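A structural walkthrough
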Amino acid sequence: MKIKTLYLVWAFIVLIISHGCKTKDNNTNSIEGKVEALLSEMTIEEKIGQMNQYNGFWDVTGPAPSGGDAKMKYEHIKKGWVGSMLNVRGAKQVREIQKLAVEGSRLGIPILFGLDVIHGYKTIAPIPLAEAASWDLKAIKKSARTAAIEASAIGINWTFAPMVDVSRDARWGRVMEGSGEDPYLGAKIGIARIKGFQGKDLSAPNTIAACAKHFAGYGFAEAGRDYNTVDIGTSTLYNIILPPFKAAVENNVKTIMNSFNILNGIPSTGNASLMRDILKDEWGFKGFVISDWASIAEMTQHGFSKDLKDAAEVAVKAGCDMDMESYGYIKYLAELVKAGKVDEKLIDDAARRILRVKFELGLFDDPYKYCNEEREKELIYHKDHMEAALDMARKSIVLLKNEKQLLPLKKNQKKIAVIGALAADKNSPLGSWRIGSDDNTAVSVIEGLKNHKVSFSYAKGANLVIEQPTFTTVVKINKTDKSGFPEAVKLAQSSEVVIMVLGEHGFQTGEGRSRTDLGLPGVQQELLEAVYKVNRNIVLVLMNGRPLTITWADEHIPAIVEAWQLGTQTGNAVAQVLFGDYNPSGKLTMSFPRSVGQVPIYYNHYSTGRGNNVEGNVFWSHYIDESNSPLYPFGYGLSYSKFDYSNLTIDDTDKNKIKVSVTVTNSSKTAGEEVTQLYIHDRTASVARPVKELKGFKKYRLAPDESKTITFELGPKELGFYNNNGKFIVEKGDFDVMVGSNSQSGLKGEFTL
Ligand code: GLC
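What counts as what
- Residues numbered from 1 in each chain as written.
- Predicted model: local features only at pLDDT ≥ 70, side-chain atom pairs only at ≥ 80, totals over all residues.
- Heavy atoms only, no water.
- Helix = DSSP H or I, 4+ residues; strand = E, 2+ residues; numbered from the N terminus.
- Buried < 20%, exposed > 50% of the residue type's maximum accessible area, 1.4 Å probe, protein only.
- Contact = heavy atoms within 4.5 Å.
- Domains from an automatic or database assignment.
- Buried area = accessible area lost by both parts, 1.4 Å probe.
- Salt bridge = Lys/Arg side-chain N within 4 Å of Asp/Glu carboxyl O.
- Polar contact = N/O pair within 3.5 Å; in protein donor to acceptor, adjacent residues only side chain to side chain.
- Nonpolar A, V, L, I, M, F, W, Y, C, P; charged D, E, K, R; others polar.
- Core = buried A, V, L, I, M, F, W, Y, C linked by side-chain atoms within 4.5 Å.
- pLDDT = per-residue confidence, 0-100.
- Axes fitted to C-alpha atoms, helices over the stretch in contact; angles between N-to-C directions.
- Parallel < 35°, antiparallel > 145°, perpendicular 65-115°, else oblique.
- Pairing = 2+ DSSP bridges.
- Right-handed = clockwise from strand over helix to strand, strands pointing away.

Right, let's get into the side chain of S268. Within the element layout of this structure, S268 appears in the loop between β8 (266-267) and α11 (272-282). Taking the relative accessible area as the measure of exposure, S268 reaches 0% and is therefore buried. Other than its neighbours up to four places away in sequence, S268 contacts F215, A216, N258, S259, N261, L263, L274 and M275.

Here it is, written out as structure tokens:
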């Protein structure tokens, strides 16, 4: 349609408004007014078109779409039947498709372009589980801001992040994408990411809409097997799973994405209690809900819907506003409305929510604001982004063990050996959700050591994979080829210290990547033991996307550094920590199990009726072949400094503001950062409460010999909980308090509410 005609249509709409047509908000300057005016002009097909999201034409992040094709999608765009596209990227491509919609369709409604910018677009930040280990909300927000700047420079105005699924099961591949096992920390980190993506002004050209996902319960898949059944109690749903989503809604997240799973017998995508009762009615969510990839269609596989038409009816009634790649809405909703099976008001509500976000993004003022090829060239891989990625990476590293202060290493240390395929890998460190990045753009560990002017010799020891995997292929791990062992062992034998870089390939975690064994994959454990036989002076650098059962390493290896998948700046961050230019400050946000048989294992567990070991009695909650405790607990991480805790005080005179303070002293000669954590235990309640719950944390820096008083305040928000009717309550009674540097040890006190 020519611009002129379009302008006339637009003028006509404005004319109608100015004559006070019946809209919810006659103020045509307000977004609500504009939404109502536009809605009143739309046909039922055009409204349903807003609820339809198609995948781009060459990139799938799910099973390749059956049916539908580029030609059909182009036709639908011209008809105004496509509200959003995903996986299209590059300012040029986006502009081309946007032009088709804005100039080709009757009303010229701009398209939303979504992409999984999970931890960076081109400049890749550490995986979210690593970022979470920094406990540094400012750095995490900045990391999301950087991702938004790069993504918006290539035409994206919506990211499918942050993933705020709490999970306690390291077998699940997507633990890399979340913030770990705790809802309180998960909520704070989710908010930081949303603020980073959405900024203060969503209409700015470098801010993008965020999406809290996957609503809800996805991280509790049975046996850690992705997409598996979720069957949980009300208390877990309300007290563990929902709080990060509620926090996201309270902090203005613009979209929510359904989860694939069935939740207590009802697929989340068709779950009215989740989307209508809780999300939209109780929490007052004003944004829109998008399905996950084909999750509407998958309700038939769940045995919940008869066919796609039935699934479309169920999903729209349950509150799912946009259909990602099921083609269900575009195929059947108009027919269902005409047949009186679906009330057009539901279509209006969904379209209204989607249009509102488009107006808030400023897309109607300038549909091409995100398609500036000059900005794309100027901002991608910008040096500021590299600096932010490096800062985030080094803050995400967790020091797990450092016997005899083997670390930090000295640069002039003689004969350093570096061993392990991952040490030279420039792809794995980018993690699995690097859909926009370029291959081999990570600074590898050996490159980082060279940048750090460290002299060393390198031997691979063994391949980790048999062939390079991709986002959609199954990883083939080398389980037999040890031909590189002799060279590595010989090098280790003649070296003073050995840096071994072992762990998982980047595509061994992420979606569709569950594992039943949490040990070092392939022949890496054998390589570690072979090197250990000839040289015990080993620094183990782990590169992984989930907690691993590194029990043998913990018993034998003097220094262990958790380096996750740290993104583009991996090698530089690892070098800075190994050689002391950065004092590690990370703390785990997921418990590391001793054995996979302990999983799910988490710190905020219930006490059970037999939590204690009665002397000589087997009748208590335990294993006969393993301890109950994790190898490394939630909140654990060492430093090159030494932090001592003293002087815990609790002032509970004001029951609405209980003050807890502690003195922390850096009794070392090295400046460093500490994360002081506060845990409570509600001893007796109408619904049993966990043995401890994180309800406060502070990260701060202490110079050598410096002391600081750290204070916390506890109010109803921290002391209350959801009962089994989903009601938030605060009960009087006795509470234990623990303040320290991890979830297992600290100074203890108590108060009465
Ligand atoms: C995937 C993921 C979801 C992602 C979506 C679009 O299947 O489950 O997290 O945002 O599809 O790529």
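What follows is about the domain arrangement of the chain. On domain assignment, one finds that the chain holds domain 1 (51-376), domain 2 (392-597) and domain 3 (643-752). Centre-to-centre, using C-alpha coordinates, domain 1 lies 34 Å away from domain 2. Taken together, the contacts link 48 residues of domain 1 with 40 residues of domain 2. Overall, the association of domain 1 and domain 2 removes approximately 3,300 Å² of surface from exposure, summing both partners, and the carbon and sulfur fraction of that is 60%. By the criterion of area lost to domain 2, the three top residues of domain 1 are I124, A170 and R171, representing 17% of everything that side buries. At the surface where domain 1 touches domain 2, the tally comes to three salt bridges. Here R174 makes a salt bridge to E511, at a shortest N to O gap of 3.3 Å. Applying the counting criterion to the domain 1 and domain 2 interface returns 23 residue pairs in polar contact (both at pLDDT 80 or more). Within the residue set of the side of domain 1 that touches domain 2, elements represented by two or more residues are α6 (128-132) and α7 (137-153). Considering every element that reaches the side of domain 1 that touches domain 2, the biggest residue donor is α6, with four residues. Per-class residue counts for the side of domain 1 that touches domain 2 are 23 nonpolar, eleven polar and 14 charged.

Another point: the nonpolar core. In summary, soluble globular proteins display a tendency toward joint burial of nonpolar side chains. Among the nonpolar cores identified, the biggest contains 185 residues, and F215, I256, Y329, L400, M500 and W564 are the most heavily contacted of them. Inspection of this core shows a minimum of three residues originating in each of domain 1 (51-376) and domain 2 (392-597). Not counting the four nearest positions on each side in its chain, W564 is found in contact with I127, L129, A130, A133, S396, V398, L542, M543, N544, L588 and F592. Residues L678, L702, F735 and V737 belong to the second largest nonpolar core, which totals 19 residues.

What follows is about the confidence of the model for the chain. The pLDDT averaged across the chain works out to 94; a share of 95% of its residues lies at or above 70. At the low end of the mean pLDDT range in the chain sits helix α1 (residues 3-18), at 49; at the high end sits strand β9 (residues 288-290), at 99. Note on residues 13-23: pLDDT is under 50 here. Beyond four places in sequence and across chains, it has 13 contacts.

Take the packing of α11 against helix α13 (residues 308-318) next. Contact geometry for α11 and α13: axes closest at 8 Å, N-to-C directions at 20 degrees. Judged by the angle between their axes, α11 and α13 are roughly parallel. From α11, A272, M275 and R276 reach across to α13, where they touch V316, K317 and A318. For the contact of α11 with α13, a count of residues per class yields four nonpolar, no polar and two charged.

Helix α10 (residues 243-250) packs onto helix α9 (residues 234-241) with a crossing angle of 45 degrees between their chain directions and a minimal axis gap of 5 Å. When the axis of α9 is compared with that of α10, the two are oblique. In this structure, α9 contributes L237, Y238, N239, I240 and I241 to the contact, and α10 contributes P243, P244 and F245. Of the residues that constitute the contact of α9 with α10, the class distribution is seven nonpolar, one polar and no charged.

With that settled, consider the pairing of strand β15 (residues 538-543). The buried fraction of β15 is high, at six of six residues. Side chains I538, L540 and L542 of β15 all project onto a buried face; the interleaved residues V539, V541 and M543 project onto the opposite face, where all are buried too. In the sheet, strand β14 (residues 497-503) pairs with β15 via six bridges, with the strands oriented parallel. The residue of β15 that forms the bridge with M500 is L540. Assessed by its sense of winding, the connection that carries the chain from β14 through helix α20 (residues 524-534) to β15 is right-handed. As judged from the four bridges shared by β15 and strand β16 (residues 559-562), these two strands associate in the parallel manner. The partner of V541 across the bridge, within β16, is V561. A crossover links β15 with its parallel partner β16, the connecting element being helix α21 (residues 551-556), and its sense is right-handed.

Before going further, it helps to examine α20. Taken together, the buried positions of α20 are occupied by Q524, L527, L528, A530, V531 and Y532. Where the residues of α20 are buried, they touch β12 (416-419), α19 (485-493), β14, β15 and α21.

This paragraph deals with the pairing of strand β17 (residues 643-651). Bridge count for β17 against strand β18 (residues 658-666) is seven bridges, and the pairing is antiparallel. Bridged to F643 within β18 is N666. The antiparallel pairing of β17 with β18 creates a hairpin that spans six residues between the two strands.

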